[in-house]
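Notes for the structure review
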Amino acid sequence: MIDKKYATHDREPFFELARPYIESNSKVLDIGAGYASFAKYFSRNDFYLFDGNPETVTFLKNNYEYVKEGKLPNLPYEDSYFDVIHCSHVIEHLEAETLYQTILEMNRCLKPGGLLVISAPLMWSGFYDDLSHLRPYPPIVFINYLCSNNQTNRTRIIIKDKYKVKKLVYRYNETNPKKEFYYYSSTVISYIIKFWYKIFNFFHLKTYEKSGFTIIIQKQEN
């Protein structure tokens, strides 16, 4: 059953998933902070904001105290410093090795007991509409490299096996069967699809595809 709350392109419903884990004294790092929408959502001006766009960083420095400019995978922070590391819609812009090194860095900077909150798109019909998207990385990447000790068929060494998945929520996109199959307009299958589209439309039914996710995983104390 799809929760319609998550059938949206808005990021706020996914920001909300982190609320139970962010306390008033939590040290929070937002990687790829943009214009600080995550910090604004929580009405916090003490989040640590990291971004690679110089113009964005200039804006952030005029409004927030803890701002750093840099390029992934390097994170200019101390070991075991943060209670929560948030990273929304960043990893799809990274090559595989850069992502691997970034996960290593996030693990280094996160306190035992701390949480990673990762949001990203999956492969869906609109993924490559944005030319800056390199590839979709599913949540199993984080589960395999942080929550498992199974090295079988891994091209890179497991980073950690002491994380636990606290929450995994998928984003959905409403699809349009008629639009998706215009290419078959001269075939029998086209008429079948159009017929079912009319049925769906008549009864106000909707179809959905998984278009993204938010995963929250916790670094165990031992």
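Refer to the preceding data block for the structure.
Now for a look at the structure at hand.

Describing helix H4 (residues 96-109)
Here H4 spans 20 Å end to end across 14 residues, near enough to the 20 Å set by a 1.5 Å rise per residue. Those residues of H4 that fall on the buried side of the exposure criterion are Leu99, Tyr100, Thr102, Ile103, Glu105, Met106, Asn107 and Cys109. Packing partners of the buried residues in H4 comprise strand S1 (28-31), strand S4 (82-88), strand S5 (110-121), helix H5 (140-146), strand S6 (163-175) and strand S7 (207-219).

A few points about the side chain of Thr8
Here Thr8 is to be found in the segment before helix H1 (12-15). Other than its neighbours up to four places away in sequence, Thr8 contacts Pro13, Phe14, Arg171 and Tyr172.

Here we look at the sheet that holds S7
Neighbouring strands of a sheet are bound in pairs by backbone hydrogen bonds; such pairs are parallel or else antiparallel. If you walk across this open sheet you meet the seven strands as S3-S2-S1-S4-S5-S7-S6, and the pairing is mixed. Among the strands making up the open sheet, the edge pair consists of strand S3 (67-69) and S6. Averaged over all adjacent pairs, the angle separating strand axes in this sheet is 15°, with direction ignored. Two elements, S4 and S5, share six bridges in a ladder whose sense is parallel. Each residue of the ladder has a partner; that of Phe82, found in S5, is Leu110. Relative to the sheet, helix H3 (residues 54-61) contacts strand S2 (48-51) and S3, its axis offset from that of S3 by approximately 165°. In the packing of H4 onto the sheet, the strands contacted are S1, S4, S5, S6 and S7, and the crossing angle to S5 comes to about 145°.

As for the pattern of salt bridges
For the structure shown, the criterion picks out seven salt bridges. Residue Asp83 is joined to Lys111 by a salt bridge in which the shortest nitrogen-to-oxygen separation is 3.3 Å. Of this pair, Asp83 sits in strand S4 while Lys111 is found in strand S5, placing the two residues 28 residues apart along the sequence. Under the relative-accessibility criterion, Asp83 is labelled partly exposed at 23%. Judged by its relative accessible area of 26%, Lys111 falls in the partly exposed class. Where Glu105 meets Arg108, a salt bridge forms, and the shortest distance between an N and an O atom there is 2.7 Å. Placement of both Glu105 and Arg108 in helix H4 is noted, with a separation of three residues, approximately one turn of the helix.

What counts as what
- Residues numbered from 1 in each chain as written.
- Predicted model: local features only at pLDDT ≥ 70, side-chain atom pairs only at ≥ 80, totals over all residues.
- Heavy atoms only, no water.
- Helix = DSSP H or I, 4+ residues; strand = E, 2+ residues; numbered from the N terminus.
- Expected span 1.5 Å × (residues − 1).
- Buried < 20%, exposed > 50% of the residue type's maximum accessible area, 1.4 Å probe, protein only.
- Contact = heavy atoms within 4.5 Å.
- Pairing = 2+ DSSP bridges.
- Axes fitted to C-alpha atoms, helices over the stretch in contact; angles between N-to-C directions.
- Salt bridge = Lys/Arg side-chain N within 4 Å of Asp/Glu carboxyl O.

Nothing here speaks to function; it is all geometry.
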